Amino acid sequence: MNSIRSLASLFVLQSCLVCGSNLQDKSKLCAKCSLATTLRLRRGSVGELPHYYALEYNAVTSKLILLAKEDNLRQAREILAAAITFAIKELLAREENRINLIPIPSRPAATRQRGFLHTQELGLSATQLIPTSGIKVLPILEIFGKVKDQSALSAKERYQNIHKMVRVKRSAEIPGATELNILFDDLVTTGASALEAVRALKAVNLPIWGLISACAT
Ligand SMILES: [Zn+2]
């Protein structure tokens, strides 16, 4: 089966995930779209929390996020995961630490509609890119109650929409305070969800080292 597939790939032209232009090799993106996904460690903060990300937010990265999130496209997710692992590798040489990646949770309605846990899958994809490290994905947070889709809301509305709507799952095993606990997401815009996640984690006395996202506005 594999040999049939690889034979077929000799004849089927590959196309860029984002713009659809023909590719000469097995890369996922054309040269132009690749340029828009250049990895560089970028720093910011959300409230008092240090925030790191590796991709600029632009037409290409926003399309990649949609392809990963709404179409469950593995190749798009791998590009976002590579951005997260890039930031981790740039920041953390301390391999003796156990690193826990805590996903900022999605709205339950969105997860039901998609049929998969987008951020959790992104984290798992990231751990596969650094297989020998002690990185684990810990999906200990959940959104409960009615939360609207944030995309059309202003910064203030987003804060009001999500405030006190995130909690640590009852069944969750809380990691030790000596481990490096990192919040992560695909995209951080206003930071309202991240701040709410921090509030929920403070309630169980779990210190958070920082926030890493693939991309930010
Ligand atoms: Zn392209």
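These lines cover the structure that appears in this document, whether it is placed above or below. For every chain, the first residue of the written sequence is number 1, and numbering continues from 1 onward in sequence order. The model is predicted, so local features are restricted to residues of pLDDT at least 70 and side-chain atom pairs to those at 80 or more, both for listing and for counting; the totals for chains, interfaces and linings are taken over all residues.

### Details of the overall build of the protein
Across its full length, the protein holds 8 helices and 10 strands. Radius of gyration: C-alpha atoms only; globule rule: 2.2 Å multiplied by the number of residues to the exponent 0.38. Here the C-alpha atoms of the protein give a radius of gyration of 18 Å, agreeing with the 17 Å that 2.2 N^0.38 yields for 217 residues. Along the first, second and third principal axes, the C-alpha set of the protein runs to 55 × 40 × 35 Å. Sorting the 217 residues of the protein into buried and exposed places 36% on the buried side. Pairs at least 24 apart in sequence give 71% of the contacts found in the protein among residues at least 6 apart. The helix count covers DSSP runs of H or I at least four residues long, the strand count covers runs of E at least two residues long, and both are numbered beginning at the N terminus. Note on burial: count the other C-beta atoms lying within 10 Å of the residue's C-beta; 20 or more is buried, 12 or fewer is exposed, in between is partly exposed, and C-beta positions come from the backbone. Each residue is represented by a C-beta atom placed from its backbone, and any two residues with such atoms within 7 Å are regarded as in contact.

### Overview of unusual backbone geometry
A positive phi is found at Asn72, a non-glycine position, where the angle reads about 55°. Judged by C-beta crowding, with 14 C-beta atoms within 10 Å, Asn72 ranks as partly exposed.

### Side note on the environment of Leu73
With respect to the helices and strands, the residue Leu73 is situated in the loop between α3 (59-69) and α4 (74-91). Residue classification places Leu73 among the partly exposed positions, given that 16 C-beta atoms sit within 10 Å. Spatially, the C-alpha atoms of Leu73 and Thr37 are 17 Å apart, while their sequence positions differ by 36 residues. When sequence neighbours within four positions are dropped, the list of residues in contact with Leu73 reads Leu67 and Ala68.

### Some points on the packing of helix α7 (residues 155-162) against helix α8 (residues 192-202)
Between the N-to-C directions of two axes lies an angle of 0 to 180 degrees, each axis being a line fitted to C-alpha atoms and, for a helix, fitted only over the stretch in contact. Following both chains from N to C, one finds α7 and α8 inclined at 30°, their axes separated by 9 Å at the closest point. Where α7 crosses over α8, the two elements pack in a sense that is right-handed. Counting all contacts with α7, which are made through Ala155, Arg158, Tyr159 and Ile162, the residues of α8 involved are Ala192, Ser193 and Glu196. In terms of residue class, the contact of α7 with α8 is built from 4 nonpolar, 1 polar and 2 charged. Working rule for handedness: look at the near helix, and if it is turned counterclockwise from the far one by less than a right angle, call the crossing left-handed; if clockwise, right-handed. Amino acids outside the nonpolar list (Ala, Val, Leu, Ile, Met, Phe, Trp, Tyr, Cys, Pro) and the charged list (Asp, Glu, Lys, Arg) are all regarded as polar, and Gly is one of them.

### Observations regarding the sheet that holds strand β5 (residues 99-103)
A strand pair is defined by DSSP finding two or more bridges across the two strands. Here 6 strands make up an open sheet; going across it, the order is β3-β4-β10-β9-β5-β6 and the pairing mixed. Each having just a single partner strand, β3 (42-46) and β6 (135-137) make up the two edges of the open sheet. Taking each pair of neighbouring strands and ignoring which way they run, the sheet shows an average axis angle of 30°. Two strands pair when backbone bridges link them, and β5 and strand β9 (residues 180-188) are joined in this way by 5 bridges, in the parallel orientation.

### Let's talk about α3
For α3, the full list of buried residues reads Val60, Thr61, Leu64, Ile65, Ala68 and Lys69. Looking straight down α3, one finds its buried side chains confined to an arc of 160°; they lie on one side. Looking at the buried side of α3, the elements it contacts are α2 (31-35), β4 (49-56), α4, α6 (118-129), β9 and β10 (210-216). Note that the arc is computed from the directions linking the helix axis to the C-beta atoms.

### Looking at the environment of Ala203
Structurally, Ala203 can be placed in the loop between α8 and β10. Since 11 C-beta atoms lie within 10 Å of it, Ala203 is described here as exposed. Linking Ala203 and Arg167, residues 36 residues apart in sequence, is a C-alpha distance of 8.7 Å.

### Brief notes about the packing of α3 against α4
Close contact between α3 and α4 brings their axes to 7 Å; oriented N to C, the two are set at 125°. Comparing the axis directions of α3 and α4 gives the class oblique. α4 is crossed by α3, and the crossing has left-handed handedness. Taken together, the residues of α4 that come into contact with α3 (itself represented by Leu64, Ile65, Leu67 and Ala68) are Ala76, Arg77, Ile79 and Leu80. A per-class count over the contact of α3 with α4 returns 7 nonpolar, no polar and 1 charged. Angles are sorted into four bins: roughly parallel if under 35 degrees, roughly antiparallel if over 145, roughly perpendicular if 65 to 115, and oblique for all others.

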